[in-house]
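# Fold and contact review
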Amino acid sequence: MKKEKQYLRNHHSTEHQDFKLGVALSGGGARGLAHAGALKAIDDAGLKIDVISGVSAGSIVAVLYSAGLKPDTILEMFKAATFFDLAELSVGKGGLLRIEKFVDFIMHCLGKIKTFEQLKIPTYIGVTNFDDAQPEVFSEGELAPVIQASCSIPVAIVPVKIGDKTYVDGGVLRNLPAWTIREKCDKLIGISVSTVLKTKVAPTLIGMALRSYSLLAKSNQAPDLELCDIPLKIDDVSKHGVFNLRELEEVFNSAYENMKNAIIANNLTTTNL
């Protein structure tokens, strides 16, 4: 298996290499706003992202960025909000919370953009097909249900029906969607914000659900990190909670510095892509 992953990383099919630089963004709840800081570092380095993928919170940042919103703008969008301003209790419907208001907020920020096809950068969103027990990827059609599905942490958030299938958070099986675009780009940056700290968890249903999800997400992303030419784990955002939208500027700036250092360390420039 390890040799196979290394082969995919080093010998991905040239037949499907449509893009030079790709970026894959992990899930991680509110910590996913760190991805906006990382994207700002990539922009400031003069690098052009040709294709992008995301899971859960990473899918939100990916879509907003692909729609043309600047990373600083994405940060400002969330600084004045709290997660529970954008979520509603929904006990007994497959999850404790509904996030339709949150998805409506994202779609409002996107303006007239409603579909994948309207985005400025080709975008791939990873989800988990709960019925068939397998990861899937969406890259066309309506954005709203796919974003909602990719963010639907089991037990905590109500799952989503698309067609005749039930979908939940993409991080359940593949928290870093490098697999969705590996064969589509020459150089792939993978950014993970899903480090899990040692801590005692309150024995509440939502606390146990979020901790279980975080452990799943952390453990299943290793194979996808191996597929990346530049795998970046931003560990210093792990102290922030999954639903904590406070201190976002600290998260953003930390990711910016981590990504800037990774670009320098890997001598990543417009001339060597």
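Per chain, residue numbering runs from 1 following the sequence as it is written. Per-residue local features of the predicted model are confined to residues with pLDDT of at least 70, and side-chain atom pairs are confined, for both listing and counting, to 80 or more; whole-chain, interface and lining totals are unaffected and use all residues. To get the side-chain values, take all heavy atoms of the structure and skip hydrogens and water.

### Focus: unusual backbone geometry
Note the threshold: Secondary structure elements follow DSSP: runs of H or I no shorter than four residues count as helices, runs of E no shorter than two count as strands, and numbering proceeds from the N terminus. Working definition: with a 1.4 Å probe on protein chains only, accessible area under 20% of the residue-type maximum means buried, over 50% means exposed, and in between means partly exposed.
Positive phi, normally seen in glycine, also occurs at V155, with a value near 75°. Within the secondary structure, V155 sits in strand 7 (residues 155–157). Judged by relative accessible area, which is 41%, V155 ranks as partly exposed. The phi dihedral of N267 falls on the positive side, at around 50°, and the residue is not glycine.

### Brief notes about the side chain of T166
Convention followed: Only heavy atoms enter the contact rule, under which two residues are in contact if any of them lie within 4.5 Å.
Position of T166 among the secondary structure elements: in strand 9 (residues 165–169). Accessibility expressed as a relative area gives 12% for T166, which makes it buried. The residues contacting T166, other than those within four sequence positions of it, are T128, N129, F130, D131, P159, V160 and K161.

### Regarding the pairing of strand 9
Let me state the cut-off plainly: Only strands that DSSP links by at least two bridges are regarded as paired with each other.
Burial analysis of strand 9 places four of its five residues in the buried class, the great majority of the element. Where strand 5 (residues 123–129) lies against strand 9, three bridges are found, and the strand directions are antiparallel. When the sheet's bridge partners are listed, T128 is paired in strand 9 with V168. Relative to strand 9, strand 8 (residues 160–162) runs antiparallel, the two sharing three bridges. Paired with V160 across the bridge in strand 9 is Y167. The loop that links strand 8 with its antiparallel partner strand 9 comprises two residues; one of these, G163, has a positive phi angle of about 65°.

### Details of the sheet that holds strand 4 (residues 95–98)
Strand pairing in a sheet takes place through backbone hydrogen bonds and is either antiparallel or parallel in direction. Spatial ordering of the open sheet is given by 3-4-7, a layout of three strands whose pairing is mixed. In this open sheet, the two edge strands, each paired with only one partner strand, are strand 3 (88–89) and strand 7. One ladder, built from two bridges, connects strand 3 with strand 4; its direction is antiparallel. Each residue of the ladder has a partner; that of E88, found in strand 4, is R98.

### Regarding the side chain of T123
Condition: Any pair of nitrogen or oxygen atoms within 3.5 Å is treated as a polar contact; in protein, a donor-acceptor pairing is required on top of that, and neighbouring residues in sequence qualify only through side-chain atoms on both sides.
Within the secondary structure, T123 sits in strand 5. In terms of polar contacts, T123 uses its side chain to reach the side chain of S66, at 2.8 Å. There is a polar contact of 2.8 Å between the side chain of T123 and the backbone oxygen of I121. Sequence-distant contacts of T123, that is, excluding residues within four places in its chain, are made with I52, A62, V63, S66, F116, F138 and S139.

### Examining the state of the cysteines
The criterion, for reference: Note on terminology: disulfide denotes any pair of cysteine sulfur atoms within 2.5 Å.
Following the criterion strictly, the structure yields zero disulfides and no others. You can see C228 has no disulfide; the closest cysteine sulfur is in C185, sitting 8.6 Å from it. By relative accessible area, which is 0% here, C228 ends up buried.

### Thoughts on the pairing of strand 1 (residues 19–25)
What counts here: If the strands point away from the viewer and the path from the first strand over the helix to the second runs clockwise, then the crossover is right-handed.
Taken across its seven residues, strand 1 has six buried, putting it largely inside the fold. Note that strand 1 and strand 10 (residues 185–192) share six bridges and pair parallel. Residue pairing across strands places F19 opposite C185, the latter belonging to strand 10. Note on the crossover from strand 1 through helix 2 (residues 34–44) to strand 2 (residues 51–55): the handedness is right-handed.

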